[in-house]
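Fold and geometry: a report
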Amino acid sequence: MDLCCCFCSGPTDDERDRVQKKTFTKWVNKHLMKHWKAEAQRHITDLYEDLRDGHNLISLLEVLSGETLPREKGRMRFHKLQNVQIALDFLKHRQVKLVNIRNDDIADGNPKLTLGLIWTIILHFQISDIQVNGQSDDMTAKEKLLLWSQRMVEGYQGLRCDNFTTSWRDGRLFNAIIHKHR
């Protein structure tokens, strides 16, 4: 089966960031709605802005882990940095590899690093639980997701999923997965 899509020239970096921001915002809100502390139920509208003080980030990690984390109550930059650091330290304690993400990057609303942090959290808390027939127990979450992606596009001529960068640039793999699920 041949698949043609409207992304033949591929999405621009700005379009990709916009789509990721929207998708990650929905994912975060889906989990924040599950927060067990009524006074701490949260909702974000702007991923980059609403994670800056660390409170939403801590609440997200509490929901995902089932643990309660400390937090600073103040509104000064120091408190924001402390809250983000609490979240980052919690992730490091859970053996989540954070590459070049510092508390001030998130507190300053850095778009690329905020997206990177949320993707890392998704990988750790969601994708690591994916079960794929024929997988071995020592596969990483990324390897499991790659195997799942490869199986989803089997039968689409001319499509191969070899990695999460160049294989996805033209949008055809994404469209094939959507098509498979329709």
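Thresholds, definitions, all that
- Residues numbered from 1 in each chain as written.
- Predicted model: local features only at pLDDT ≥ 70, side-chain atom pairs only at ≥ 80, totals over all residues.
- Heavy atoms only, no water.
- Salt bridge = Lys/Arg side-chain N within 4 Å of Asp/Glu carboxyl O.
- Helix = DSSP H or I, 4+ residues; strand = E, 2+ residues; numbered from the N terminus.
- Buried < 20%, exposed > 50% of the residue type's maximum accessible area, 1.4 Å probe, protein only.
- Polar contact = N/O pair within 3.5 Å; in protein donor to acceptor, adjacent residues only side chain to side chain.
- Contact = heavy atoms within 4.5 Å.

As annotated in an unreviewed UniProt entry, the protein chain is Calponin-homology (CH) domain-containing protein from Ameca splendens.

**Some words on the pattern of salt bridges**
Scanning the entire structure with this criterion turns up 11 salt bridges. Its salt-bridge partner being Glu-62, residue Arg-71 comes within 3.1 Å of it at the nearest N-O pair. Linking Glu-67 and Arg-94 is a salt bridge whose minimum nitrogen-to-oxygen distance equals 3.4 Å. Linking Glu-67 in the loop between α3 (55-65) and α4 (77-93) with Arg-94 in the loop between α4 and α5 (103-107), this pair joins segments that are 27 residues apart in sequence. By relative accessible area, Arg-94 is classed as partly exposed at 26%. Sharing partners across several salt bridges, the network here consists of Arg-102, Asp-104 and Asp-105.

**Quick look at the side chain of Asn-29**
Within the fold, Asn-29 resides in helix α1 (residues 13-32). At a separation of 3.4 Å, a polar atom in the side chain of Asn-29 contacts the side chain of His-43. The residues contacting Asn-29, other than those within four sequence positions of it, are His-43 and Ile-44.

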